[in-house]
Amino acid sequence: MSEKTTVAAELELVHNAEPLLTIEDLCFAASNYLEAKPVDDIRRAYYFAKEAHEGQTRSSGEPYITHPLAVAHVLTMMHMDNECIMAGLLHDVIEDTEVSREALAVEFSEEVALLVDGVTKLAKAAFETQQHAQAENLRKMLLAMSQDIRVIIVKLADRLHNMRTLGHLRPDKRRRIAHETLDIYAPIAQRLGMNLMRCELEDLGFHVLYPIRYRVLSDAVRKARGNRKEIVSQITRSALERMEQEGLTAEIQGREKNLYSLYQKMVSKRLTFSEVMDVYAFRIVVDDVDACYRMLGVVHNLYKPVQGKFKDYIAIPKANGYQSLHTVLFGPYGVPIEVQIRSRDMDQMAEAGVAAHWLYKTGENEGSNQAHRLARQWLQGILEMQKGSGDSVEFLENLRIDLFPEEIYVFTPNGQIMAMQRGASVVDFAYAVHSDVGNSCVAAKVGRHLVPLSTKLETGQSVEIITASTSHPNPSWLNFVTTAKARSSIRHYLKQLRNEDAELLGRRLLNKHLSVFSSVVDDLSKERISQVLEEFELDNFEQLLGELGLGNRSALVVAQKLTQNGTSLDEESAAPLIIAGTEGLVVSFARCCHPIPGDPIHGFISAGRGIVVHQASCKNTLKLRTQNEKWLDVTWADDVSREFPVDIIVHAKNQRGVLATVAVAVSEADSNIDNVIVDERDGGYSDLHLTIEVTDRQHLAQVIRRLRRVDLIERISRKN
Ligand code: MN
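The rules behind these values
- Think of each chain on its own: its residues are numbered from 1, step by step along the sequence as written.
- Given that this is a predicted model, residues contribute local features only at a pLDDT of at least 70 and side-chain atom pairs are listed and counted only at 80 or more, while totals for whole chains, interfaces and linings are drawn from all residues.
- Heavy atoms from the whole structure form the basis of all side-chain values; hydrogens and water molecules are not counted.
- Each pair of aromatic rings taken from Phe, Tyr and Trp, with Trp reduced to its six-membered ring, is defined by centres within 6.5 Å and is described as stacked if the planes are under 30 degrees apart, edge-to-face if over 60, and tilted in the remaining cases.
- For helices the rule is a DSSP run of H or I covering at least 4 residues; for strands it is a run of E covering at least 2, with both sets numbered from the N terminus onward.
- Here's how the labels work: a residue is buried when its accessible area is under 20% of the maximum for its type, exposed when over 50%, partly exposed in between, all with a 1.4 Å probe on protein chains only.
- Patch membership is restricted to residues that have no salt bridge and whose relative accessible area is over 30%. Joining uses 9 Å for like charges and 5 Å for the nonpolar side chains Val, Leu, Ile, Met, Phe, Trp and Tyr.
- Accessible surface area values rest on a Shrake-Rupley calculation with a 1.4 Å probe, where residue burial reflects the displayed protein chains alone.
- By definition here, a salt bridge exists when the distance from a side-chain nitrogen of Lys or Arg to a carboxyl oxygen of Asp or Glu is within 4 Å.
- In this description, a donor is an N, O or S atom within 2.8 Å of the metal centre, a cutoff extended to 3.2 Å for sodium, potassium and calcium. Water is not part of the atom list, which can make sites seem incomplete.
- Note that domain bounds follow an automatic or database assignment of domains.
- For two strands to be treated as a pair, DSSP must find at least two bridges joining them.
- To get an axis, a line is fitted to the C-alpha atoms, and for a helix only the part in contact is used. The angle between two axes follows their N-to-C directions and goes from 0 to 180 degrees.
- Here the angle decides the label: under 35 degrees means roughly parallel, over 145 means roughly antiparallel, 65 to 115 means roughly perpendicular, and every other value means oblique.
- Crossings are classed by handedness, with left-handed meaning an anticlockwise turn of the near helix from the far one by less than a right angle and right-handed meaning a clockwise turn.
- Only heavy atoms matter for contacts: two residues are in contact if any of them lie within 4.5 Å across the pair.
- Only Asp, Glu, Lys and Arg are considered charged in this grouping, and only Ala, Val, Leu, Ile, Met, Phe, Trp, Tyr, Cys and Pro are considered nonpolar; every other residue, Gly among them, is considered polar.
- In this description, a nonpolar core means a group of buried Ala, Val, Leu, Ile, Met, Phe, Trp, Tyr and Cys residues linked to one another through side-chain atoms lying within 4.5 Å.

Draft legend 1. Spatial organisation of the packing of aromatic side chains. According to the stated counting rule, one finds 13 aromatic pairs in the structure shown. Seen in terms of ring centroids, Phe-48 and Phe-108 are 5.3 Å apart; in terms of plane orientation they differ by 85 degrees. Their pairing is edge-to-face. Here Phe-48 is found in helix H3 (residues 36–52), whereas its partner Phe-108 is found in the loop between helix H7 (101–107) and helix H8 (110–119), with 60 residues between them in sequence. Exposure remark for Phe-48: the relative accessible area of 23% places this residue in the partly exposed category. We classify Phe-108 as buried; its relative accessible area is 13%. Measuring from ring centre to ring centre gives 6.5 Å for Tyr-260 and Tyr-263, while their planes differ by 35 degrees; the resulting arrangement is tilted.

Set out below in structure tokens:
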């Protein structure tokens, strides 16, 4: 029984100061698994970095080179290749010294230069805010990482050493770095299956952010470990005995969660310390896959298994490549025992993930190839996501969603297994299959029953998506989708759609204003257009139209420029813009006054949103009246054929069934109710605030006439 559990090892790492290393220590460690030539390259990189950083010191006062040396040491402990270790030694030279990427490529190799450049931050000056800088740097690093996964391995080693030596920084800076570590780097390590790295980053971050909780929890764990010794060794002994009878050899380890995981479990499940510690966990490592299943038989024979707790992650690995058999048993005295069974190879994978067997990723290591394939798949998804994201902050938000998955497994109609995050809806599934499937889905069958698109999926369901070529993503899907891929695809589609709508509206607005100068868009001279485009720094005319449609530029000013007419003419002579209600996402109807066809209206140009139509009498717009250039003369089209929401207040007797009577009357007038708020008054009367759908003022009048015939109703008014 190995007493050296993960937590214990981690605690040592946290509490013991790192011994000072020399380059010869590093080369000696590397020579255990590398040839003489690569080790020489490592030495050469060290002297190069040492010279470049000459005279620089860390916040602790030590020479700067101690940091890259320690980073390289971490990489060597992970048995990474020589280029990776060289990049570890050189990782700060582009950012902090005069040395350029090109110089590294010439001096060492293109690969080394790429790795170093990937972890180099962009120049600070280029960003408005800290958040932007962080998002943009991360985006740059992930793009580099998709070319070479070692970029992130170097970065994680760098972050690990920085976290181990945070003590000398200002407290606010320390907390910011710890937050970022828990938020981004630990989950990335997890996503790549690098469990040891994740645990240490988490515990170091936890230690910085909550020093007191950290200490209390680690003391409690140490004490509990002492109390549990008896039972742990009893279980281990009986298991070993039984294995021997079956002719199996295995290594059994007591297993503990790292402190941060314990802490999170206590917080998220509202458990006390003794409740989270009330489980005995073991890991059994055997020689091969076959032995895993035989071992499962042995432990199920020894103690009774808890029903429904068995999970086969060997047949269906987790998304980061993790493989094991998990089961829970009723132990002696009824204590629950969690058991993980896996082969040596899987065990390596479970601890080091993509970094496992880095030098030998050839045919015989199926597990590590699998991890690489999955990591590449994940990065591919990130690349797609970044194309669909508007800016780096949105990208960062999408990435966060992606990094905190809890998984479920569902089946495609042909039996393929798909891993989805918990809470994923039918639409998420459709986008996971293919973005075209997502973009055209209309309904779904789950286990042969038709379900709405917002249905949340559960493990084991088989899902069939029904598509229609005429169907499009709906903005309301954003309310229930949970995966980053679905979210960014829907947003991307809507943005495109909005651009098209904006272009059309922009053309109409421009024509309206050009008419004052007796001109139309099609008559404009090419030279003049390109002059104006140049002045506004736009690439093409469509872009300009889009800007007009979204309200980012004034159509009047643009019309003046295009006709070279500097004088402001009488705007009144232009015909009003006609609103048909079919303009799409760039014309919206104000929620404050709910204008309907027949109402006198005016339009307010709102930057980025296009035109918002208000009633001419809307009180909300009074304070905006002075901004003349933002107001637009608009009028309803003769044949508006859609329905609009409108608010009415029904003052009615407080009597049972009144709401039903009102609802019937509304529907008899061919309208329907979107929303009801009941406002109880004294004297036996209530105000019912109804939002109903009507086509125009006439239709509204019909509804009101029909409601007047209801005895219980005293008064009806339209809300203004
Ligand atoms: Mn560094």
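Having put the structure on the table, let's press on.
Draft legend 2. Quick peek at a nonpolar patch on the surface. A cluster of nonpolar side chains, Leu-659, Val-676 and Val-678, forms an exposed patch at the surface whose accessible area comes to about 210 Å². The residue Val-678 is located in strand S19 (residues 673–680) in this model. Taking relative accessible area as the criterion, Val-678 reaches 43% and is therefore assigned partly exposed.

Draft legend 3. Looking closely at the coordination of the manganese ion. Surrounding the manganese ion are the protein donor atoms His-67 (NE2), His-91 (NE2), Asp-92 (OD) and Asp-158 (OD), at 2.2 to 2.6 Å. Within one chain, the residues serving as donors to the manganese ion are arranged as H-x23-H-D-x65-D. With a gap of 67 residues between them, His-91 in the loop between helix H5 (82–90) and helix H6 (93–96) and Asp-158 in helix H10 (residues 150–164) connect regions that are remote in the sequence. The class for Asp-158 is buried, based on a relative accessible area of 6%.

Draft legend 4. Inspection of the domain arrangement of the protein at higher detail. Its domain assignment divides the protein into domain 1 (3–217), domain 2 (225–366), domain 3 (405–482), domain 4 (491–636) and domain 5 (644–718). Domain 1 and domain 5 are separated by 67 Å when their C-alpha centres are compared.

Draft legend 5. Region of the structure containing unusual backbone geometry. Of note in this structure, His-79 is not a glycine but carries a positive phi near 55 degrees. Residue position: His-79 is located in the loop between helix H4 (66–77) and H5. The class of His-79 is partly exposed, set by a relative accessible area of 40%. A positive phi is found at His-594, a non-glycine position, where the angle reads about 40 degrees. Counting through the fold element by element, His-594 comes out in the loop between strand S13 (587–589) and strand S14 (601–606). For His-594, a relative accessible area of 13% corresponds to the buried category.

Draft legend 6. Broad picture of the sheet that holds strand S18 (residues 644–653). The antiparallel open sheet is built from four strands, whose spatial order is S19-S20-S18-S21. Lying at the two open borders of the sheet, with one neighbouring strand each, are S19 and strand S21 (713–718). Each neighbouring strand pair of the sheet contributes to a mean axis angle of 20 degrees, computed without reference to strand direction. Here S18 runs beside S21; their pairing, made up of five bridges, is antiparallel.

Draft legend 7. Focus on the packing of H8 against H10. Interaxial distance between H8 and H10 falls to 9 Å at its minimum, and their mutual angle equals 55 degrees. Between H8 and H10, the angle falls in the class oblique. Handedness of the H8/H10 crossing: right-handed. On H10, the residues touching Glu-111, Leu-114, Leu-115, Gly-118 and Val-119 of H8 are Arg-150, Val-151, Val-154 and Lys-155. Here the contact of H8 with H10 is built from residues that sort into five nonpolar, one polar and three charged.

Draft legend 8. Inspection of the side chain of Ser-606 at higher detail. As for its placement among the helices and strands, Ser-606 is situated in strand S14. On the basis of relative accessible area, Ser-606 is assigned to the buried category, the value being 14%. Every residue in contact with Ser-606, bar those within four places of it in the chain, is listed here: Leu-550, Gly-551 and Val-612.

Draft legend 9. Quick look at the nonpolar core. Core analysis: the largest hydrophobic core is formed by 94 residues, its most contacted members being Ile-153 and Leu-192. Looking at this core, you find at least three residues from each of domain 1 (3–217) and domain 2 (225–366). Discounting residues that sit within four places of it in the chain, Leu-192 has contacts with Met-145, Ile-149, Ile-152, Asn-320, Gly-353, Val-354, Ala-375 and Trp-378. Leu-548, Phe-589, Val-613 and Leu-707 belong to the second-largest nonpolar core, a separate cluster that totals 59 residues.

Draft legend 10. Looking closely at the pairing of strand S2 (residues 280–286). Along S2, seven of the seven residues are buried, which leaves the element largely enclosed by surrounding structure. The two faces of S2 match: Tyr-280, Phe-282, Ile-284 and Val-286 on one face and Ala-281, Arg-283 and Val-285 on the other face are all buried. Across four bridges, strand S1 (residues 251–254) lies against S2 in antiparallel orientation. Its bridge partner lying in S2, Gly-254 is registered against Phe-282. By the bridge criterion, seven bridges tie S2 to strand S6 (residues 336–343) in an arrangement that is parallel. Looking at S6, one finds that Ala-281 is bridged to Glu-338.

Draft legend 11. Up close: the sheet that holds strand S11 (residues 463–467). If you trace the three strands from one edge of the open sheet to the other, you get S10-S9-S11, paired in antiparallel fashion. If you trace the sheet from one side to the other, it starts and ends with strand S10 (449–451) and S11, each paired once. Taking each pair of neighbouring strands and ignoring which way they run, the sheet shows an average axis angle of 35 degrees. Looking at chain direction, strand S9 (residues 441–446) and S10 are connected through three bridges and run antiparallel. What sits directly across from Ala-444, in S10, is Val-451. Relative to the sheet, helix H20 (residues 426–433) contacts S9, S10 and S11, its axis offset from that of S11 by approximately 80 degrees.

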